[in-house]
Each structure stands twice: as C-alpha cells, then as structure tokens.
Amino acid sequence: MRNLRTLDDLTLPELQSLLTEADEFAGDAAPVFYHNAVVANLFFEPSTRTKCSFEMAEKQLGIETLSFEVSHSSVKKGESLYDTAKTLEAIGCKGLVIRHPETKYYEQLKGLNIPVINAGDGAGDHPTQSLLDLLTIKQEFNRFESLHVVICGDIRHSRVAHTNAKILEKLGAQVSYSGPSEWMDESIKDDQYLTMDQAVEQADVLMLLRIQTERHDNGSGYSKEAYHHRFGLTENRELRMKPHSIIMHPAPVNRGVELADSLVECRRSRIFKQMANGVHVRKAVLAHVLNLKGEKIYDHVI
Amino acid sequence: MRNLRTLDDLTLPELQSLLTEADEFAGDAAPVFYHNAVVANLFFEPSTRTKCSFEMAEKQLGIETLSFEVSHSSVKKGESLYDTAKTLEAIGCKGLVIRHPETKYYEQLKGLNIPVINAGDGAGDHPTQSLLDLLTIKQEFNRFESLHVVICGDIRHSRVAHTNAKILEKLGAQVSYSGPSEWMDESIKDDQYLTMDQAVEQADVLMLLRIQTERHDNGSGYSKEAYHHRFGLTENRELRMKPHSIIMHPAPVNRGVELADSLVECRRSRIFKQMANGVHVRKAVLAHVLNLKGEKIYDHVI
Amino acid sequence: MRNLRTLDDLTLPELQSLLTEADEFAGDAAPVFYHNAVVANLFFEPSTRTKCSFEMAEKQLGIETLSFEVSHSSVKKGESLYDTAKTLEAIGCKGLVIRHPETKYYEQLKGLNIPVINAGDGAGDHPTQSLLDLLTIKQEFNRFESLHVVICGDIRHSRVAHTNAKILEKLGAQVSYSGPSEWMDESIKDDQYLTMDQAVEQADVLMLLRIQTERHDNGSGYSKEAYHHRFGLTENRELRMKPHSIIMHPAPVNRGVELADSLVECRRSRIFKQMANGVHVRKAVLAHVLNLKGEKIYDHVI
C-alpha cells in the first residue's frame, strides 16, 4: 500500500489484514513505539475530530507531527496544493495526511514521492472513517457475511455512506437505506429502501448519518422534532431493535434529531467505541503506508 | 485528588503537599521524565500565558499534548462541551486541561471518566494561578501565618482575588484590600480596606491585580495616569515598603498603571518568578491528577 | 554565537564552520538526537514555509517546541514584545525563534537572557534564508570565489537580496542584478545591471526573487505574461544558460512569472534542494545558538 486515497487502494485481503492489525492495536497489550518519522497533517477544512484522531494515532506511534496551519499558509499567497505538498516533502516529511474540500484532490499530487493518506476529499471519500466503521462491526460480530446494515439519513450527500455500502456488500453484508426520500440516491433500488420502523426491526447494524447542515440547505422541510419523530431513532423504536443489534453514528451527534439524547450512551451504542477505533485504524494505516519499522522503546506508552 | 476544579478539591494537607512537590520541581536537581499520557488542552477563550505554562509543564513531564483548536472545532457545529470532552476521552486522552468562559463549566462534565484540570472558568476559579501565588509566598517567607497580604485593584471582577483571600486566611495570613471603592466587594469589611499609601507601608506581600479592561467597562473614570497616581505602585510608594516585602502581579502588566515601568523587574518584584512557579505547580498538579508513575528516562531533561 | 539576528553576528570563519556543519546534517549518516531544550517559535506574521522548516529542524534535533499562537496572545491585550519574550524566558524556554514585521525588532530584546534567532524582521534581514542559499551554492561549486551570481527581480524590496549580495561579495563572488529598472536599488552600479538575456548567459547562479505582491503595490505595470516575457526565466532563456549553471528561488514560486512552469523541477533547479537545506542550516544554527550538548539516543531518528 503506497497511499490510502480511497478503499480501492486496498485489495480485500489487504483490508482484512489492516483490520486485524487495527484490532491488535485496540487490544494494546504491548504497544510498539516508532520514532523515525515526521508527518504533516494538512487540514484545508476544519475537522477537529478527524485531526485529533490522526494526531493521537501519530503520537501513540511516536511519529512527530508538523502543525500546518492552513489559514496562515502560503496557500493564501496562491500556492498550489502540489507546491505546498512538494515543499513538505523537500523539508523531510515522510508522509502527508490531507483533508481538502476538493473531490479527488490527490490526483494533483501524482508527482509526490511520499505517501498521502486521505482524511476526506470533498464529497468524495473518507477511507479511514469507513475502516473504523468496519472495525467496529468486525469487533461486534466477527463477520460481515449476511449481516443486515441499514444506513439512515442523508445518503445523497454522505461521502461515507456510498463507500461503506460498496465495501460492506463486497464483504458479504446486505445493505438497506432509510431516511427522507429526497435524500435517497438514484443508485438505491426500491427493495433497499426501508421506513425507520422497518429498519429498527430488521437491522443488525443501524448506521445513523449526521444531518450535515453545513454541506447543503436542509431541504427536508422538517423541524428537528418532526425529523426525529419520522426518521430518527426514538426511544420507542430502540425498544423494537433485535437483541444483539447495535447503533452507530460518525458523530458529532445532533442529540434529539438522529437519535434520542438518552440513547447516545445506551448499551447498544457503539458511538464512542467508533471514535476509539478511529485511532486504532489510523495507527494501522500509518504503520503500513509509512512502512514503519517498529522498535519497542518503552513497555508502557502514552 | 481526582480533578482540580477549585481549591476546594484539596484538603489543607493535600495543598501543602502539592506546594512542597512543586517546590521540588523548582529545585529540579533530578527531574523525572514521564512518558505515558496524552493530555488535551482545551482553551475556549484566549490565554497564551496559561496555555504556554501548561504546555511547558506537560513537555517537561514528557506528557504529549493534543492541540485542540477551538476555533476550528465541532463546537462550531453546535457540539456540547460534554460531547467534545467525551470524544477526547474516547480517543485516548488521559486528562483534560480546560479554560472556558462559563462559570463552573465543569459541572457539565460529571459523566467523564478522565480528570479535568480547571485552567479558569469565567468569573469563577483559576486554581493553578492561586497555587503559583501561594508557592511564591511560601518560597519567600516559608510560612503564611501572620503575613499581611494586601490585594490591590479590581477585587470585584477578579477570580483569583477571592480564591486567594479565602485560602490565605485559611493558611493563617491577614488579608487586606486596596483600590477604587467601586471595585471593592460587599464581602470586604471596613477595616480590611487600605489606601495605597497605607498598603505599601503595611504589606508583606503587595499583590497587584491586572486592570482587566477585557472583562468590564473600565468604570473607574480615571485616566491611566490618574489611576497610577492614586491607586498604583509608584516609584515613591515603593520606597516606603518594608525591607523584606515583595511585589506580585499575575501579568500581563499594564506598565505605568498598576505599577511603575521601572518596578517590573526591581529587586522586590516576583512577577517573573511567579511565571516560573506557574510551570512548577502545574507539573505537580498534572503528576497528581493523572496519577503518573514516574520513570527516570534521561538524567538531563529539557 | 549568542544570537543570530543578522549575518553580521557571524565572523567569516564562524559562517564557514556553520555551513560545514549544516552540510554534515545534510549528509546525515549518524544524526544526533538532542533532548534538553524547549524553544518557542513566535511568528508575528504568517510564514508557513519558514515556520515549518524551523519546526522540522527542532524536531530532528529532539528540541521540543512551544506553539505560540500570536492571534490568541496577550499581544492582543497590548503586551509588549519584550514582556512576551521575557515571559517565555521565565517559563523555561531556552531560546526564541522570532519573525516580526518590525525591522530590527530584536533591539527591543536586549534585556533577555536567552538567545534569539531571527526568522525575518520586516524589510530587514532573514539570516537563515541567506545561509541556506549559501549552503546550496557551496554544495554545488564548493567555492564562492569568482562565481558570478545574478539576482533577478525586485531587489529594492527584498530583504534577502541585500544580505546575500553583501555576504557573497565578501566571500569572493561577483554579484550582478536584473529586473525592472524601477525595482533596482540606488546602491547598484551601472555595470552590475544586466538584462535577463545577458543574465542567463553570464550567471553561474541565477537567483530569482519572488514577486512579493504582498509587500508593495506591483507598480511594474506589467501583466504576468509581459513580466515573464521580459524579465522572467523562459524556456528559451534556460537553453542559453551555461552547462553547469543553476537556478535558485526562495519559493513560493509564481509559476509562469519568475520562471516557466516546466522549469520549476528541471535539472538546473535547486529550488526544492534549497528547502531541504533550510532545515539543515537551521539545525546548525539551533545547535550553535542553544549550545546543545548532543547525545546520541537513537541510531535512526525521524
């Protein structure tokens, strides 16, 4: 694996092996401390959650990070993404973690000699988010075959929904969708659409999406309360879920909209576990992409 | 000590022991280097001085820090302080240092499983600031009993004034006040009020407060020069101080207002020593709150 | 060397020895890892490139850095540069790297007890930029004597142009200039001025300056295309350069203005090598100024 731009950079065996390694990081009996790389995190749009998660992964691996403040950067002097990235390569960065509002921004970076890890490209991909979702499901069920995953919310504008659906189907899961009809995608077949009442009864994994009011006008025409009542996971609906089924959400949660406030930390919720898993998959990705040669410096680390 | 929200979290013996430990850090013969924690510093209002001081303390202890840029954060997407803090817990932070404009913000954080160190809550407390003041006095006099401390300036709006007065009295010191009458508090008794001319002659410790023009309209109606002349520490007044008495100020100083420019680095001034002590008390607090198990990795550190 | 404010802080032998040491860092067979200092980087005007380069140098030396965000700082409360610097000294910083819009800002800092490294002072100096240019030339030709260096562009407003010219002449090089006549300086003699067509044929080192549209109104009255055609390094002009001659540029490059897009990474271009050398000279400067006592902790570092 030379870069991680989309999940298509991974074969299925590579993906499985990455998840296994991430799961070992999650177990964390004897963490390994690497100390031979400086990585730059370039966030051209705000994403505290993802940035903190990458930073934590880097720190736990002993990787030094360069703080690149986009708002202060030469980008403001009109420098291209390629020239900025090439500069960071020149000064000795061993890899770049990039989030950028432009879809497939990484296609501008083919001349780079250091790897790029995609931390989100516009309406495109966010591969480490997908990986953390997969790890969370794997930890729960230890399989993907014949699991029923229902993705709920704004499918049309979610970069993760499409990637997750595609990879989950490849891995043998059944994927359905729920949410306001105007937020469904052309690609969704009629028999893949479920009402929320059907979804809670059928899903092994209820994957709620965030209402991304930043990315588009909320054209749903529903108030928060009405949305919650019709399309959200209410307390009553949770009671009708299958005994073993779990709730996922990429966070930040709009409490009382996508799901009831009281359910955010309920026994079915894997929302904070997903965040913890985000660090683990990013550690696995960084170790692979940077081809780090581990060295156990401390027995107990960070 | 599980958290440090206010000095009330400490018994008097705990406080004494913390000061002793901080004083050992100040001596610094054989510093111990810890390397097993990542802490997030969350500053929801600007405070370079306090933030740098915590960062220095963390670095000197070998603690890694997560840079949390509030202006870029999910907070802007409406995320609650609790959800932000819970996220940082989920991704592996071992503690949070928080400054927040809301008084007693920490009451929202009772569901957290990691400790919180209060770096200032609105008009409430700023316990590490009080601790560094106490350490500075202890280093000077090696006692608090029967010392006369005069706190000068805007008592009403100072979070540190009230905390310091309370703890100093508990420790056996006598506390008086000086400054414009409209900046005095209801709690101040008549015989506790001194004019600046009385204050300089009676004080062992002259604790000047910063005129916080950020926090309220300067309703004093005095020009800088008039304030300095009437309520400030002028060069002439300094000459009338007792031989052993010292000057303290939390900084940044308004030179020529609270005290004469030439006195900022005079022999009585402990202003820069207070800053150095800020690092030492924060190291002691972090070591206690995080329950760090020290390990001497290097003989000479940082 | 106590500070590095301008190149005048260095004798010629000191400068030669610094370049030799930087060149050893560039070779980097057995890097040494220092771990005994915290340095603060104070950037009062944006300069991602320089800041990242200093940070990389610091990380590669094992120096911890304090992130000082000027936009959040007490500077906004009216604190003087001296008081800010003195605070950082008080809390334990072992040195300051400062970029400031005011020319000779460092003259305000004479009361400091820790060294200052100038990362650019207004229209004044930028000594580490000059050093990296010198290192790049030294690596190429292993001498300065009788080299012909032509500096091209906005001489009048470039802090580096004047410093480089002065030191290059001291070291035995011949310096000429090219560019729009209104951007030439009074100090330039008539026989030092070359047209761009003359420059490409005579130069051993063609040192292109960036058109700094931030610092002054582009009064040249030329469109980008016209500037490039008349004063820039076009593809055709590059063909007429001497076989061994090289192209330098401090970056960021305005592609298609100072030089043709296709030449930025051509065989003559040392632009990205200059960036790499920036890290090496800054490591040498930091090691000298901070008087670091090296300790080889890891065999392979960063």
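Per an unreviewed UniProt entry, the recorded name for chain A is Aspartate carbamoyltransferase, and the organism is Salipaludibacillus aurantiacus. Its UniProt record, at the heading Catalytic activity (unreviewed entry), says of chain A: "carbamoyl phosphate + L-aspartate = N-carbamoyl-L-aspartate + phosphate + H(+)".

Tell me about helix α5 (residues 159-170) of chain C, and name the residues and values.
All names here are of chain C. The end-to-end C-alpha separation of α5 is 18 Å, in line with the 16 Å expected for 12 residues at 1.5 Å each. Of the residues making up α5, those classed as buried are R159, V160, A161, T163, N164, A165, I167 and L168. Two residues or fewer after α5 comes G172, characterised by a positive phi angle close to 105 degrees.

Please set out the packing of helix α4 (residues 127-141) of chain A against helix α9 (residues 271-289) of chain A residue by residue, giving values where relevant.
Residue and element names in this part refer to chain A. Axis separation between α4 and α9 bottoms out at 8 Å; the angle between their running directions is 115 degrees. Accordingly, the angle class assigned to the pair α4 and α9 is roughly perpendicular. Considering how the two elements wind past one another, α4 and α9 form a crossing that is right-handed. Residues T128, Q129, L131, L132, D133, L135, T136 and Q139 of α4 form the contact with α9, whose own contacting residues are K273, Q274, N277, G278, H280, V281, R282 and V285. Of the residues contributing to the contact of α4 with α9, the split by class is 5 nonpolar, 8 polar and 3 charged.

Break down the UniProt feature "binding site: carbamoyl phosphate" (unreviewed entry) in chain A for me, citing the residues and quoting the values.
Residues and elements named next belong to chain A. Mapped onto the present numbering, the UniProt feature "binding site: carbamoyl phosphate" (unreviewed entry) falls at R49, T50, R99, H126, Q129, A251 and P252. Residue placement: R99 occurs in strand β3 (residues 95-100). Apart from the residues within four sequence positions on either side, R99 is in contact with L42, F43, F44, E45, P46, S47, T50, A119, G120, H126 and R159.

Go over helix α4 (residues 127-141) of chain C, please, and point to the residues and values.
Spacing of three or four residues puts side chains on the same side of an α-helix, whose turn is 3.6 residues. Residue and element names in this part refer to chain C. The first and last C-alpha atoms of α4 sit 21 Å apart over 15 residues, in line with the 21 Å expected at 1.5 Å per residue. The element α4 is largely enclosed, with a buried count of 13 among its 15 residues. Among the residues trailing α4, N142 stands out with phi positive, at a value near 55 degrees.

Explain the environment of T103 of chain C residue by residue, including any values.
Residue and element names in this part refer to chain C. You can see T103 is positioned in the loop between β3 (95-100) and β4 (116-121). Between the C-alpha atoms of T103 and G120, which are 17 residues apart in sequence, the distance is 8.5 Å. Ignoring any residue separated from it by four or fewer positions in sequence, one finds T103 in contact with D121, G122, A123 and G124.

Parameters at a glance
Residues numbered from 1 in each chain as written. Chains lettered and ligands numbered in written order. Predicted model: local features only at pLDDT ≥ 70, side-chain atom pairs only at ≥ 80, totals over all residues. Heavy atoms only, no water. UniProt positions renumbered as here; feature names shortened; annotations may be inferred. Helix = DSSP H or I, 4+ residues; strand = E, 2+ residues; numbered from the N terminus. Expected span 1.5 Å × (residues − 1). Buried < 20%, exposed > 50% of the residue type's maximum accessible area, 1.4 Å probe, protein only. Axes fitted to C-alpha atoms, helices over the stretch in contact; angles between N-to-C directions. Parallel < 35°, antiparallel > 145°, perpendicular 65-115°, else oblique. Left-handed = near helix turned anticlockwise from the far one by under 90°. Contact = heavy atoms within 4.5 Å. Nonpolar A, V, L, I, M, F, W, Y, C, P; charged D, E, K, R; others polar.

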